[in-house]
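# Structural overview
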Amino acid sequence: MAETVKVTFWGTRGSVPCSSGEKIRFGTNTSSLEICLPSHRRILLDAGTGIIGLGNRLSKDGLLSAAPLHLFLSHFHWDHIHGLPFFKPAYYDETRLRIYGRKGVESVFSGQLLDPFSPIPHDALTARIDYVQLESGVDMDGARVEPFEVNHPQGCFGYVVTTGRSKIVYATDTEPDGGPLDDLLVEKASGADCLIMDSNNAVDEAPSRRGWGHSTWRDCTKTARLASVGRLVLFHNDPFHSDEVLERKERDAKAEFGDSIVAYDGLVLNI
Ligand SMILES: [Zn+2]
């Protein structure tokens, strides 16, 4: 039990946070995950608005100086970075934050904190922040985080996170197109304990959204079966899908792949 990896979903929507009375159960924050290793080191995936709640909790619990925070960005579309200017740990001297990502990662913060888009200047960030353009995997505390390419406009990384006893695959913002990246996703997800995958589009929406870089629940269950994963988490929920639509998505997915769940803000999985 001590070796269990704890995955907390702080934000599970795509595109934009969009609140309404019909979207209570699944939440409205955009993509952000926390993976807590058995060593208590934290690996963060993406910095949508979900990361704001995580930052508040780390600050409140006095965890900023405990260990460096490692944040892996899938890509730089807004819904994966727009929580960053509100990530409290970035404004504390004791924080060490390492941000990993694709080419251009070093300007992810400075590009957001610009006049006239933000009243906060870049030099207000007093944390020690390092940027790493990923070419290969990163090892830490017996875990490995490995990027791989998925099919999305302007490019996007999926990540394979392996620890001593578990394998988690994060594949947000990806669209099957019948090309080699479909095969690569199945290969990377092969045998994973948990596949977290983009399920943005309803099946009947997909034809009019071709080329937008997103999947349906049916694409997810197909990938999960081909890769023989243990558990499927349907992620990157469309911001305009109500609780009712997402509950139906979960029922439909379960009928094709039994161990399926639709991600919601606050979901915690021990893997
Ligand atoms: Zn997205």
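Preceding block: the structure.
Nothing here was measured: the structure is a model prediction, and the numbers come from that model.

Basis of the calculations
- Residues numbered from 1 in each chain as written.
- Predicted model: local features only at pLDDT ≥ 70, side-chain atom pairs only at ≥ 80, totals over all residues.
- Heavy atoms only, no water.
- Helix = DSSP H or I, 4+ residues; strand = E, 2+ residues; numbered from the N terminus.
- Rg over C-alpha atoms; globule rule 2.2 N^0.38 Å.
- Buried < 20%, exposed > 50% of the residue type's maximum accessible area, 1.4 Å probe, protein only.
- Pairing = 2+ DSSP bridges.
- Right-handed = clockwise from strand over helix to strand, strands pointing away.
- Phe/Tyr/Trp six-rings, centres within 6.5 Å; stacked < 30°, edge-to-face > 60°.
- Lys NZ or Arg CZ within 6 Å of the ring centre and 35° of its normal.
- Contact = heavy atoms within 4.5 Å.
- Axes fitted to C-alpha atoms, helices over the stretch in contact; angles between N-to-C directions.
- Parallel < 35°, antiparallel > 145°, perpendicular 65-115°, else oblique.
- Left-handed = near helix turned anticlockwise from the far one by under 90°.
- Nonpolar A, V, L, I, M, F, W, Y, C, P; charged D, E, K, R; others polar.
- 1 Å grid on protein atoms, 1.4 Å probe; cavity = no way out; pocket = protein on both sides within 12 Å on 5 of 7 lines; lining within 4 Å.
- Points joined across faces, edges and corners; volume = space filled by probe spheres on them.

Broken down by element type, the protein carries four helices and 14 strands. For 271 residues, the compact-globule estimate of 2.2 N^0.38 gives 18 Å, and the C-alpha radius of gyration of the protein, at 18 Å, lies within 12% of that figure. Expressed as lengths along the three principal axes of its C-alpha atoms, the size of the protein is roughly 50 × 45 × 35 Å. Across the 271 residues in the protein, those meeting the buried criterion constitute 55%.

Our focus in this paragraph is the pairing of strand S10 (residues 167-171). With five of its five residues buried, S10 lies for the most part within the structure. The alternating pattern of S10 places Lys167, Val169 and Ala171 on one face and Ile168 and Tyr170 on the opposite face, and all of these are buried. When strand S9 (residues 156-162) meets S10, the two strands line up antiparallel, connected through four bridges. Counted as the bridge partner of Tyr159 is Tyr170 from S10. The turn joining S9 and S10, which pair antiparallel and follow one another in sequence, is formed by four residues. Crossover S10 to strand S11 (residues 194-198) through helix H2 (residues 180-189) is right-handed.

Tallied over the full model, the rule gives five aromatic pairs. Seen from their ring centres, Phe72 and Tyr159 are 5.5 Å apart, and the 70° between their planes marks the pair as edge-to-face. With a gap of 87 residues between them, Phe72 in strand S4 (residues 69-72) and Tyr159 in strand S9 connect regions that are remote in the sequence. In this pair, the class of Phe72 matches that of Tyr159, namely buried. Measuring from centroid to centroid gives 6.1 Å for Phe157 and Tyr159, while their planes differ by 65°, and the two rings are edge-to-face. Of the residues examined, Phe157 reaches a relative accessible area of 10% and is grouped as buried. Tyr159 sits in the buried class, given a relative accessible area of 0%. In this structure an aromatic cluster arises from ring pairing among Phe72, Tyr100, Phe157 and Tyr159. The aromatic ring of Phe157 is capped on one face by Arg102, whose charged end is 4.6 Å from the ring centroid.

As a further point, take the environment of Arg218. Mapped onto the elements of the fold, Arg218 is located in helix H3 (residues 217-227). For Arg218, the residues in contact, after removing those within four places along its chain, are Val203 and Glu256.

As a further point, take the sheet that holds strand S13 (residues 260-262). Read from one edge to the other, the open sheet built from seven strands follows the order S7-S8-S9-S10-S11-S12-S13, with strand pairing classed as mixed. Whereas interior strands pair on both sides, the edge strands pair on one side only; in this sheet they are strand S7 (138-140) and S13. Mean inter-strand twist for the sheet, computed between neighbouring axes without regard to direction, equals 20°. Direction of pairing for S11 relative to strand S12 (residues 231-235): parallel, over a ladder of five bridges. What sits directly across from Met197, in S12, is Leu234. Contacts between H3 and the sheet are confined to S11, S12 and S13, with S11 contributing the most and set at about 150° to the helix. Sitting on the sheet, helix H4 (residues 243-256) is in contact with S12 and S13, with an inclination near 170° to S13.

Before going further, it helps to examine the packing of H2 against H3. Look at H2 against H3: their axes get within 8 Å of each other, and the N-to-C directions meet at 55°. Comparing their axes, H3 and H2 come out oblique. Considering the relative orientation of H2 and H3, their crossing is right-handed. Between H2 and H3, the residues in contact are Leu185, Val186 and Ala189 and Thr223, Leu226 and Ala227, respectively. Classifying every residue of the contact of H2 with H3 gives five nonpolar, one polar and no charged.

Along the polypeptide, Thr12 turns up in the loop between strand S1 (6-11) and strand S2 (32-36). Classification of Thr12 as buried rests on a relative accessible area of 0%. When sequence neighbours within four positions are dropped, the list of residues in contact with Thr12 reads Phe26, Asn29, Thr30, Phe235, His236, Asn237, Ala263, Tyr264 and Asp265.

The subject of this paragraph is the layout of surface pockets. Quantified by volume, the largest pocket comes out at close to 240 Å³. As for the largest pocket, its lining consists of 14 residues, and the residues nearest its centre are Pro176, Asp182, Asp219, Lys222 and Thr223. Contributions of two or more residues to the lining of the largest pocket are made by H2 and H3. A class-by-class count of the residues in the lining of the largest pocket yields seven nonpolar, three polar and four charged. The element contributing the most residues to the lining of the second largest pocket is H4, with four residues. In terms of residue class, the lining of the second largest pocket is made up of four nonpolar, one polar and four charged.

By themselves, these observations are geometric and do not establish any function.
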